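One letter stands for each residue in the lines below.
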Amino acid sequence: MSLLLERKSVRQFTDKVIEKELIDKILKSAMQAPSAHNQQPWEFIVVDNRELLDKLSLASTSAWMLKNVNIAIVPLIIPTEASPHFAVQDMAAATQNILLEATNLGIGSVWIGVYPLDERVNHIEEVLNITGGKHPFSMIALGYPQYDKETKIRYNSKRVHYNKLEE
Ligand SMILES: Cc1cc2nc3c(=O)[nH]c(=O)nc-3n(C[C@H](O)[C@H](O)[C@H](O)COP(=O)(O)O)c2cc1C
């Protein structure tokens, strides 16, 4: 099955710790993402401290799964001059690469939305001491999945148009 179809949001994890080499592979994949002007407007904080993960789980009501993992990656969007308007899209590509490489390695993941919601951004900046015009873009909880999830195909031909939208 294609890697793309295998990827699903995983929110229930086992206690097994992810090996450091695998986290390195995931970070390398993140930095292979395409970016406008190849500006690479990113840095990454790897969080494996229990107390910090618990605090991050309070960033929003939909970040609770950080309580169930031993490790998370927080991509930071950093100031760039080359193509700042496209930096958000670059960050989404990097986040997706993290999810796909995790899937490739048999690791479960879920993308937790952060940027540009002030409440979430401010909470995470305070917990992780993020300054200097850098901001958390997303959080990715990582761990070994507790169970397999079925793939549901979402293809919908009504969402596809050739050349122009029909009148
Ligand atoms: C920008 C973005 C923000 C998301 N935020 C959250 C979140 O805060 N908490 C969560 O549990 N899932 C979050 N998700 C995961 C989506 O809920 C999930 O991708 C969607 O339901 C489709 O399910 P799948 O990932 O299993 O295919 C987010 C996904 C994206 C792309």
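Here the structure is shown first, and the text comes after it.
In this text, all values refer to a predicted model and were calculated from it rather than measured experimentally.

Engineer: Explain unusual backbone geometry here, please?
Structural biologist: Residues other than glycine predominantly adopt negative phi, and peptide bonds predominantly adopt the trans conformation. The step from Tyr115 to Pro116 runs through a cis peptide bond, and the omega angle for that step is 10 degrees. Mapped onto the elements of the fold, Pro116 is located in the loop between strand 3 (108–113) and helix 5 (118–128). A positive phi angle is found at Asn129, which is not glycine, with a value near 60 degrees. Inspection of the secondary structure puts Asn129 in the loop between helix 5 and strand 4 (135–136).

Engineer: Sorry, what's going on with a nonpolar patch on the surface here?
Structural biologist: Together, Leu5, Ile153, Tyr155, Val160 and Tyr162 give the surface a local cluster of nonpolar side chains, amounting to about 600 Å² of exposed area. Secondary-structure assignment places Val160 in the segment after strand 5 (138–143).

Engineer: Can you walk me through a positive patch on the surface in this structure?
Structural biologist: Taken together, Arg11, Lys149, Lys152 and Arg154 make up a surface patch of like positive charges. Within the element layout of this structure, Arg154 appears in the segment after strand 5.

Engineer: Whenever I open this one, the nonpolar core confuses me. Can you help?
Structural biologist: A general trend in soluble globular proteins is that nonpolar side chains are found buried together. Counting 24 residues, the largest nonpolar core has Leu56, Leu66, Val74, Ile124, Leu128, Met139 and Ala141 as the members making the most contacts within it. Put simply, the parts of the chain that give this core at least two residues each are helix 3 (50–56), strand 2 (71–77), strand 3, helix 5 and strand 5. By residue number, the principal contributor to this core is helix 5, which donates four residues. Apart from residues lying up to four places away in sequence, Leu56 is in contact with Val47, Ala63, Leu66, Val74, His123, Ile124, Val127, Leu128 and Met139.

Criteria and cut-off values
Residues numbered from 1 in each chain as written. Predicted model: local features only at pLDDT ≥ 70, side-chain atom pairs only at ≥ 80, totals over all residues. Heavy atoms only, no water. Helix = DSSP H or I, 4+ residues; strand = E, 2+ residues; numbered from the N terminus. Patch = residues over 30% accessible without salt bridge, like charges linked within 9 Å, V, L, I, M, F, W, Y side chains within 5 Å. Areas by Shrake-Rupley, 256 points an atom, 1.4 Å probe, with all protein chains shown as cover. Salt bridge = Lys/Arg side-chain N within 4 Å of Asp/Glu carboxyl O. Lys, Arg positive; Asp, Glu negative; His and termini not counted. Charge placed at Lys NZ, Arg CZ, Asp CG, Glu CD. Core = buried A, V, L, I, M, F, W, Y, C linked by side-chain atoms within 4.5 Å. Buried < 20%, exposed > 50% of the residue type's maximum accessible area, 1.4 Å probe, protein only. Contact = heavy atoms within 4.5 Å.

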